[in-house]
Amino acid sequence: MPQKPTYKVRKILASNVRRERMARGWSQEGLGSKAGTSQVYISEIETGKKAASVDMLEALAIAFSCEPYELLRPSEI
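How each quantity is defined
- Residues numbered from 1 in each chain as written.
- Predicted model: local features only at pLDDT ≥ 70, side-chain atom pairs only at ≥ 80, totals over all residues.
- Heavy atoms only, no water.
- Phe/Tyr/Trp six-rings, centres within 6.5 Å; stacked < 30°, edge-to-face > 60°.
- Helix = DSSP H or I, 4+ residues; strand = E, 2+ residues; numbered from the N terminus.
- Lys NZ or Arg CZ within 6 Å of the ring centre and 35° of its normal.
- Buried < 20%, exposed > 50% of the residue type's maximum accessible area, 1.4 Å probe, protein only.
- Arc of directions from axis to C-beta.
- Contact = heavy atoms within 4.5 Å.
- Core = buried A, V, L, I, M, F, W, Y, C linked by side-chain atoms within 4.5 Å.

Chemist: How should I be thinking about the packing of aromatic side chains in this particular structure?
Modeler: Two aromatic rings, taken as a pair, are described by how far apart their centres are and by the angle between their planes. Across all of its chains, the model carries one aromatic pair by this definition. Look at Trp 26 and Phe 64: their rings are 5.7 Å apart centre to centre, the planes differ by 5°, and that puts the pair in the stacked class. Separated by 38 residues along the polypeptide, Trp 26 in the loop between α1 (8-23) and α2 (28-35) and Phe 64 in helix α4 (residues 54-64) bring together distant segments of the chain. Across from the ring centre of Trp 26, 5.6 Å away, lies the NZ or CZ of Arg 24, which sits over that ring. The ring of Trp 26 carries the charged tip of Lys 34 above its face, separated from the ring centre by 4.8 Å.

Chemist: How should α2 be read in this particular structure?
Modeler: Since the α-helix packs 3.6 residues into each turn, any two residues three or four apart lie on the same face. Inspection of α2 places Gln 28, Leu 31, Gly 32 and Ala 35 among the buried residues, and these make up the whole buried set. Projected down its long axis, α2 shows its buried positions confined to an angular sector of 100°, all on one face. When the buried face of α2 is taken as reference, the exposed residues oriented beyond 90 degrees from it are Glu 29 and Ser 33. Elements in contact with the buried residues of α2: α1, α3 (39-46) and α4.

Chemist: I tried to follow the nonpolar core on my own but got confused; where do I start?
Modeler: Side chains of a nonpolar character, in soluble globular proteins, are inclined to be buried together. With 15 residues, the main nonpolar core has Leu 13, Val 17, Leu 31, Ile 45, Met 56, Leu 60 and Leu 71 as its most contacted residues. Breaking this core down by element, the ones donating at least two residues are α1, α2, α3 and α4. The greatest single-element share of this core, amounting to seven residues, is contributed by α4.

Chemist: Quick question: what am I supposed to make of α3 here?
Modeler: Of the positions making up α3, those classed as buried are Tyr 41, Ile 42, Ile 45 and Glu 46. Angularly, the buried residues of α3 cover 135° about the axis, an arc narrow enough to put them on a single face. Considering only its buried residues, α3 is in contact with α1, α2 and α4. Phi turns positive, to about 80°, at Gly 48, one or two residues after α3.

Encoded structure:
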């Protein structure tokens, strides 16, 4: 029987996207524009309400000038 997802990866992505966006001083609307999506979708990713597709993960990585896997790496606090 498959395990129920914990959405841990979604939470990690949400935290990393928000941190990277804020570090650059960008609004959600600004990031959405750079990634080819809306402010609403960026908000939903950052709050964990929506899971980003692999295509959106790539678009976010391009906007942040990083590799997609870096947005999935747990932060080391």
